[in-house]
Amino acid sequence: ESNTLDRINALAALYNPDFVGPVAGRASGIGERVGSISAPNAEFRASVAQFRNQVIKQITGAQMSETEATRIREQLPETTNPPLVFEARLRQTASNVNVLARRRREILGKTGVDISNLPPLPTVTLPGGLSKNDLSDLSDAELKKKLGIE
């Protein structure tokens, strides 16, 4: 989970609203294929693809049905999403990954695994000025409220 939270930070750092949207996302995809895309946009698109794959694998393991894959993909940010939708999906994914990480640690601790040596979960910084100092200290309800997710 820490790796996925780090990936969210990397993706947020590369994010530019001009790189996403129904037109911009598709145009960038064409530019990617013909070699007429800026380096920052190409890096962002690669980061989005890697992030989506990482989250899907984390949620499902290595295999999933096509129905499950479609359901999960609909929740993840895509370069063809309008900026507000991309940002909302990224916030929701950050919340989901953080809650999953916290629950896994809680379960490990309850089963007798020493979790005291695990590094703290990374700070998540999202687009739109949303910075989270330590999401791991928030309850699920507080986390959703801070991220604007109801």
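For the structure itself, consult the block above.
Remember, predicted model here, so these are calculated numbers, not experimental data. (Residues numbered from 1 in each chain as written. Predicted model: local features only at pLDDT ≥ 70, side-chain atom pairs only at ≥ 80, totals over all residues. Heavy atoms only, no water.)

**Considerations on the environment of A46**
Argument step 1. You can see A46 is positioned in helix 3 (residues 39-60).
Argument step 2. With relative accessibility at 47%, the residue A46 sits in the partly exposed group.
Argument step 3. Here the alpha-carbon distance between A46 and L11, two residues 35 residues apart in the chain, equals 9.5 Å. (Helix = DSSP H or I, 4+ residues; strand = E, 2+ residues; numbered from the N terminus. Buried < 20%, exposed > 50% of the residue type's maximum accessible area, 1.4 Å probe, protein only.)

**As for helix 5 (residues 83-110)**
Argument step 1. Helix length check: helix 5, at 28 residues, gives a terminal C-alpha distance of 40 Å against a target of 40 Å (1.5 Å per residue), a fit within 8%.
Argument step 2. Trailing helix 5 by a residue or two, G112 shows a phi angle of about 100°, which is positive. (Expected span 1.5 Å × (residues − 1).)

**Overview of the layout of surface pockets**
Argument step 1. In this structure, the largest pocket spans a volume of roughly 200 Å³.
Argument step 2. V55, Q58, I59, R71, I72, Q75, L76, T93, N96, V97, L100 and R104 together form the lining of the largest pocket.
Argument step 3. Elements that contribute at least two residues to the lining of the largest pocket include exactly helix 3, helix 4 (66-75) and helix 5.
Argument step 4. In terms of residue count, helix 5 provides more of the lining of the largest pocket than any other element does, 5 residues in total. (1 Å grid on protein atoms, 1.4 Å probe; cavity = no way out; pocket = protein on both sides within 12 Å on 5 of 7 lines; lining within 4 Å. Points joined across faces, edges and corners; volume = space filled by probe spheres on them.)

**Topic: the nonpolar core**
Argument step 1. Within the largest apolar cluster, 21 residues are counted, with the highest numbers of intra-cluster contacts made by I8, L11, F44, F86 and L90.
Argument step 2. Filtering out sequence-adjacent residues up to four positions away, I8 remains in contact with F51, L90, T93, A94, V124 and L126. (Core = buried A, V, L, I, M, F, W, Y, C linked by side-chain atoms within 4.5 Å. Contact = heavy atoms within 4.5 Å.)

**Some remarks on the packing of helix 3 against helix 5**
Argument step 1. Helix 5 packs onto helix 3 with a crossing angle of 40° between their chain directions and a minimal axis gap of 12 Å. Taken together, helix 3 and helix 5 sit at an angle that is classed as oblique. Here helix 3 and helix 5 pass one another in a crossing that is left-handed. Of the residues in helix 5, those touching helix 3 at F44, V48, F51, V55 and Q58 are F86, L90, T93, V97, L100 and R104. (Axes fitted to C-alpha atoms, helices over the stretch in contact; angles between N-to-C directions. Parallel < 35°, antiparallel > 145°, perpendicular 65-115°, else oblique. Left-handed = near helix turned anticlockwise from the far one by under 90°.)

**Focus: the pattern of salt bridges**
Argument step 1. Per the counting criterion, the structure on display carries 4 salt bridges.
Argument step 2. In this structure, R71 engages E68 in a salt bridge whose closest nitrogen and oxygen atoms are separated by 3.8 Å. With R71 and E68 both in helix 4 and 3 residues apart, the pair spans about one turn of that helix.
Argument step 3. A salt bridge links K110 to E106; its shortest N-O distance comes to 3.1 Å. Taken together, the residues K110 and E106, both in helix 5 and 4 residues apart, mark about one turn of the helix. (Salt bridge = Lys/Arg side-chain N within 4 Å of Asp/Glu carboxyl O.)

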